[in-house]
Amino acid sequence: MDTATLQAQQTFFVKQRITLMINRYEVWTADQSGQPQTQVAFVEQKRMTLKEQVTLYTDDRKSGVVAGFKARKVLDLGGAYDVTDGSGAPVGLFRKDFARSLLRSTWHIEQPGRPVTTGQERSLVVALVRRFTDFSFLPYHFDFAVDGNPVFSVVKKWGIRDKYVVSINDPQIDRRLVIAMAVGLDALQSR
C-alpha cells in the first residue's frame with residue numbers, strides 16, 4: 001500500500017501472532033467497527049536483544065519495508081525509539097515518560113512540524129491492578145492527544161492473543177508513527 005493510501009486510513013486492526021522466539025504482528029486496515037480488511041504490515045521483533053529494533057514489512061514474505069523503530073540506547077527506563085520509513089528516513093519518535101508511567105503508562109510521540117502528542121492509559125484503576133497483580137490479561141486502552149484534542153486511541157480487545165483496534169482522529173498524524181506506537185505498546189509495555 002502506498003504512503004498516500006496508508007495516510008488516508010482512519011482505523012487499523014493489530015493482531016499478535018504467538019511464536020516462541022520472535023514477536024510477530026499483523027496490521028490491517030479496518031472498517032469502522034474494527035474488523036480487519038486489508039493487510040498493510042507484517043511486523044517482527046526479536047526477543048532478548050540488547051537494543052530493540054522492530055521492522056514493519058509490507059507482507060509476511062518481507063518483500064518491502066513500511067517503517068521501523070529502533071531504541072536509541074541499550075537500556076533506558078524512559079526509552080526513546082526513532083521511527084524511520086522504508087528507506088531509513090526519519091518519520092518521528094516515541095518515548096516513554098518513566099516518572100508518569102509509575103502509576104499510569106504514559107508515552108510521548110514527536111513528529112516533525114507537530115506538537116508533542118501524549119498518550120496515557122485510559123483507566124487508572126486498570127493501570128494499578130495491572131501493576132500490583134498478576135492479571136496481565138486485562139485489556140488496556142491508550143488515548144493520545146494534543147492539548148486535550150484526541151489524535152488517536154489504541155483499544156486492546158479481550159482474547160487469548162493480543163488484538164488492538166487503532167482509531168485515528170487527526171488526519172495529520174503519520175500513520176507509520178501510529179502503527180509503530182501501537183506495536184510498541186504491546187511489545188515494549190512490560191519493560
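Structure shown above.
This one's a predicted model, so the numbers in the text were calculated from it and none came from an experiment.

Description of the overall build of the protein chain
Then comes step 1: From N to C terminus, the protein chain includes 3 helices and 12 strands.
Then comes step 2: Against the 2.2 N^0.38 benchmark of 16 Å for 191 residues, the protein chain shows a C-alpha radius of gyration of 15 Å, consistent with a compact globule.
Then comes step 3: Buried positions account for 47% of the 191 residues belonging to the protein chain.
Then comes step 4: The long-range fraction of contacts in the protein chain, counting pairs at least 24 apart against all pairs at least 6 apart in sequence, stands at 36%.
Then comes step 5: Surface accessibility of the protein chain: about 9,800 Å² in total, with carbon and sulfur atoms responsible for 54%.
Then comes step 6: Across the protein chain, the centroid of the 26 positively charged side chains sits 4 Å from that of the 20 negatively charged ones.

Brief notes about the pattern of salt bridges
Then comes step 1: Applying the stated rule across the entire model yields 12 salt bridges.
Then comes step 2: Across the pair Lys62 and Glu44 runs a salt bridge, and its minimum N-O distance is 2.9 Å. Of the two residues, Lys62 sits in the loop between β4 (53-57) and β5 (65-71) while Glu44 sits in strand β3 (residues 36-46), which places them 18 residues apart along the sequence.
Then comes step 3: What makes Lys62 partly exposed here is its relative accessible area of 38%.
Then comes step 4: The partner of Glu110 in a salt bridge is Arg95, and the shortest N-O contact between them spans 2.9 Å. Of this pair, Glu110 sits in strand β8 (residues 106-110) while Arg95 sits in strand β7 (residues 90-96); the two residues are 15 residues apart in sequence, bridging distant segments of the chain.
Then comes step 5: Among the residues examined, Glu110 registers a relative accessible area of 27% and is labelled partly exposed.
Then comes step 6: Classification of Arg95 by relative accessible area gives partly exposed; the value is 27%.
Then comes step 7: Connected via shared salt-bridge partners are Lys15, Arg17, Glu26 and Asp60.

What about the environment of Trp107?
Then comes step 1: Tracing the sequence through the fold places Trp107 in strand β8.
Then comes step 2: Along the sequence, Trp107 and Thr84 sit 23 residues apart, while their C-alpha atoms lie 18 Å from each other.

What counts, and at which threshold
Per chain, residues are indexed from 1 in the order of the written sequence. With pLDDT at 70 or above as the cut-off, local features in this predicted model cover only qualifying residues; side-chain atom pairs require 80 or more to be listed or tallied, and sums for whole chains, interfaces and linings still use all residues. Side-chain calculation: all heavy atoms of the structure are included, whereas hydrogens and water are not. Comment: elements are numbered from the N terminus, with helices defined as DSSP H or I runs of at least four residues and strands as E runs of at least two. Atoms counted for the radius of gyration: C-alpha only. Globule rule: 2.2 Å times residue count to the power 0.38. Categorising residues by exposure relies on relative accessible area from a 1.4 Å probe, with only protein chains included: less than 20% of the type maximum marks a residue as buried, more than 50% marks it as exposed, and the intermediate range marks it as partly exposed. We call two residues in contact when some of their heavy atoms are within 4.5 Å. Working definition of accessibility: Shrake-Rupley area with a 1.4 Å probe, residue cover restricted to the visible protein chains. Positive charges come from Lys and Arg, negative ones from Asp and Glu, while His and the chain ends are left out of the count. We put the charge of a Lys on NZ, of an Arg on CZ, of an Asp on CG and of a Glu on CD. A pair is scored as a salt bridge if a Lys or Arg side-chain nitrogen falls within 4 Å of a carboxyl oxygen belonging to Asp or Glu.

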